[in-house]
Amino acid sequence: MGTVEIFLIAMGVIFTLPYLIWRVGNTDYFAPLVVVQIITGILLGPGILGRAYPEYYSFVFNAQVIQALNGIAWWAVMIFVMIAGIELDLKKAWEHRRESTITASLALGTPLLFGCVAALGMLGYAGWQGPGARDWQFVLGVGMACAVTALPILILLMEKLEILREPIGQRILRYASLDDIAIWGVLALILLDWERVGRQAGFLAVFGVATPAFRRLMVWLEERDRWYVSLVWLAVCSLAADWAGLHFMVGAFLAGAVMDASWFDQARLDMLRHNVLMVIMPVFFLSTGLRTDWSVGGPAVFLAAAVLLAASVAGKLAGTHIAGRFLGWERGEASIIGWLLQTKALIMIIFVNILLDKGVITNDTFTALLLMAVGSTMLTVPVVYPKLRRVAALVWKAS
C-alpha cells in the first residue's frame, strides 16, 4: 500500500476508536471525548500497541505517515493555543485585581512548590532528566507542569457543569487567565538560550513594535477579514519565536494574547474552538501518544505519575483553601475552585511536549506527566458535580 492509503488508515483509527469508546462506553461523565482521545493516543503509542503488535504498529505508523501527522498536529495546536490566548480576559482580572492576584498566585505557587519538591526527588534517579537540561530547568519544568491549569478544557468542563456564565465560573476564568500568563512566562525562562539570547531579545523587541500596528490594523478591518489576518499573524509569530529558540507554541500564545476576544463574534469563536477540537486536534493527541515510552519500566512511570498527581492536586487545593480563608469565601467555594483549577489536559500536554522537544525531560518523564494530566482531568467532573449540588441545596435551604 502507498503512503496515502496508510495515512488514511491511521486517520480512520484516530477518529473511529475514541468516538466508539466515548459513545458506546458513555464515558462523558468522568472522561469527556477529548480525554478519551488523549488516552487512545497513549494506547496507540509504542508503549502499548507498539509492544503488543510491533509489525502492525510499524506498518501503520511508519516514518512518512508520522511526518504527515506531525504537520497537521503542529498547525492544530498552534490554532488551539492562539484561541487560548484570545480567550484571556485580563480586563476583568484587572477590575478585581486584589482577589484575582491573591488567588491566582496561591493557586499557581503552591502546586508549583509541591511539584518542584517531587521533581527534586526524581533527580536522585537516572532516566528522568533530559540530556539538554540543567537541574533547575528540570525542577522548574516539572513543578510548573504540576501547577498548570488548562484554560480551554476548563471552559468546556464548566459549560458541562452549567456554571460558565455564573459568577463563580467567571471568577475561576479570571484566576486561570492570570495563571496562563505565568505559565508561558516561566516556559520562556526555561527555554532561555544564552547562545541565542540576542535572537530572543530581538524577537521580543520586534514583537513589541509590531503588536500596536497589528492591533490598529485589526480594529480597522471588518470581522470577516480579521479571521484570515489572525491566521497570517499566527504563522508569522510562531515562525519568529521558533527561529529565536523560544518554540513556535510560545509564539502562537503571544499571537493570541495580544488579540481582543471582542474583535470576533463570541459564538463563532466558540464554534472555532469546538471545530478545532473535533476536526484536527485528535491528530495532535495521537502524535502525543506516539511519543510515550516506558523504558524506565512501567511500575516506575506509574509511581512517578501518582506522586506528581498527588503533588498537583494537593498543591492546588491547599493554595485555594489558603486564598479562601484570606479572602473570606463562602463554605465549599475553595474546594470547588481548587478542583476545577487543577484540570490539566491540553495546556499541560502542550507544555510537556515543548519540554520534551527541548530535551528538558525524557520520554519517561513525559509519559508520567501525560498520565498525571489524564488523571487530573478525569477526576474533575465526578468530584465537582456533587459538591455543586450540595452548595446549591444549601443555598436553596437558606432561602
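Calculation criteria
- Residues numbered from 1 in each chain as written.
- Predicted model: local features only at pLDDT ≥ 70, side-chain atom pairs only at ≥ 80, totals over all residues.
- Heavy atoms only, no water.
- Helix = DSSP H or I, 4+ residues; strand = E, 2+ residues; numbered from the N terminus.
- Rg over C-alpha atoms; globule rule 2.2 N^0.38 Å.
- Buried < 20%, exposed > 50% of the residue type's maximum accessible area, 1.4 Å probe, protein only.
- Contact = heavy atoms within 4.5 Å.
- Polar contact = N/O pair within 3.5 Å; in protein donor to acceptor, adjacent residues only side chain to side chain.
- Axes fitted to C-alpha atoms, helices over the stretch in contact; angles between N-to-C directions.
- Parallel < 35°, antiparallel > 145°, perpendicular 65-115°, else oblique.
- Left-handed = near helix turned anticlockwise from the far one by under 90°.
- Nonpolar A, V, L, I, M, F, W, Y, C, P; charged D, E, K, R; others polar.
- Lys, Arg positive; Asp, Glu negative; His and termini not counted.
- Salt bridge = Lys/Arg side-chain N within 4 Å of Asp/Glu carboxyl O.
- Core = buried A, V, L, I, M, F, W, Y, C linked by side-chain atoms within 4.5 Å.
- Phe/Tyr/Trp six-rings, centres within 6.5 Å; stacked < 30°, edge-to-face > 60°.
- Patch = residues over 30% accessible without salt bridge, like charges linked within 9 Å, V, L, I, M, F, W, Y side chains within 5 Å.
- Areas by Shrake-Rupley, 256 points an atom, 1.4 Å probe, with all protein chains shown as cover.

What follows is about the overall build of the protein. For the protein, the helix and strand inventory stands at 19 helices and 0 strands. A compact globule built from 399 residues would reach a C-alpha radius of gyration of about 21 Å, and the protein, at 21 Å, matches this within 12%. In the protein, which comprises 399 residues, the proportion classed as buried is 54%. Pairs at least 24 residues apart make up 82% of the contacts formed inside the protein by residues separated by at least 6 positions.

To continue, consider the environment of Gln137. With respect to the helices and strands, Gln137 occurs in helix H8 (residues 135-147). Separated by 242 residues in sequence, Gln137 and Leu379 place their C-alpha atoms 29 Å apart. Contacts of Gln137, omitting those with residues within four sequence positions, involve Gly132, Ile190 and Val360. Reaching out from Gln137, the side chain makes a polar contact with the backbone oxygen of Ile190 at a distance of 2.8 Å.

So, about the packing of helix H1 (residues 3-24) against helix H2 (residues 33-43). Two packed helices can be described by the angle between their axes and the distance between those axes. The contact between H1 and H2 brings their axes to 9 Å, and the two run at 130 degrees. Taken together, H1 and H2 sit at an angle that is classed as oblique. Judged by the twist between their axes, the crossing of H1 over H2 is right-handed. Contacts between H1 and H2 involve Leu17, Pro18, Tyr19, Ile21 and Trp22 on the former and, on the latter, Leu33, Val36, Gln37 and Thr40. Of the residues that constitute the contact of H1 with H2, the class distribution is 7 nonpolar, 2 polar and no charged.

Now for the side chain of Arg226. You can see Arg226 is positioned in helix H12 (residues 223-244). The charged side chain of Arg226 is buried without a salt bridge, its nearest counter-charge being Glu223 at 6.0 Å. Setting aside residues up to four positions removed in sequence, Arg226 forms contacts with Met218, Val219, Leu221, Trp263 and Phe264.

Next up on the list: the nonpolar core. Looking at soluble globular proteins, one finds that nonpolar side chains tend to be buried together. Ranked by size, the top nonpolar core spans 140 residues in total, and within it Ile350 and Ile361 carry the most contacts. Beyond its immediate stretch of four places on either side in the chain, Ile350 contacts Val77, Phe80, Val81, Trp184, Met249 and Phe284.

Looking now at the packing of aromatic side chains. Inspection of the entire model under this criterion finds 8 aromatic pairs. Ring centres of Phe207 and Trp233 lie 5.8 Å apart, and the angle between their planes is 25 degrees; this geometry places the pair in the stacked category. In this pair, Phe207 is assigned in helix H11 (residues 197-220) and Trp233 in helix H12, connecting sequence segments 26 residues apart. Assigned by exposure class, Phe207 and Trp233 land together as buried.

Nonpolar side chains collect at one region of the surface, where Tyr19, Leu20 and Val24 lie side by side and expose about 310 Å² of accessible area between them. Along the polypeptide, Leu20 turns up in helix H1. What makes Leu20 partly exposed here is its relative accessible area of 42%.

Now for the pattern of salt bridges. Under the definition given, this model contains 7 salt bridges. Glu99 is the partner of Arg174 in a salt bridge, and the nearest nitrogen-oxygen pair spans 3.3 Å. On the criterion of sequence distance, the pair formed by Arg174 in helix H10 (residues 167-190) and Glu99 in helix H7 (residues 97-122) is long-range, its members being 75 residues apart. Using a relative accessible area of 19% as the deciding quantity, one classes Glu99 as buried. Across the pair Asp260 and Arg215 runs a salt bridge, and its minimum N-O distance is 3.0 Å. Of the two residues, Asp260 sits in the loop between helix H13 (248-257) and helix H14 (266-279) while Arg215 sits in helix H11, which places them 45 residues apart along the sequence. Salt bridges linked by common partners bring Glu99, Arg171, Arg174 and Glu333 together as one network.

Function-wise, these values are silent; they only describe arrangement.
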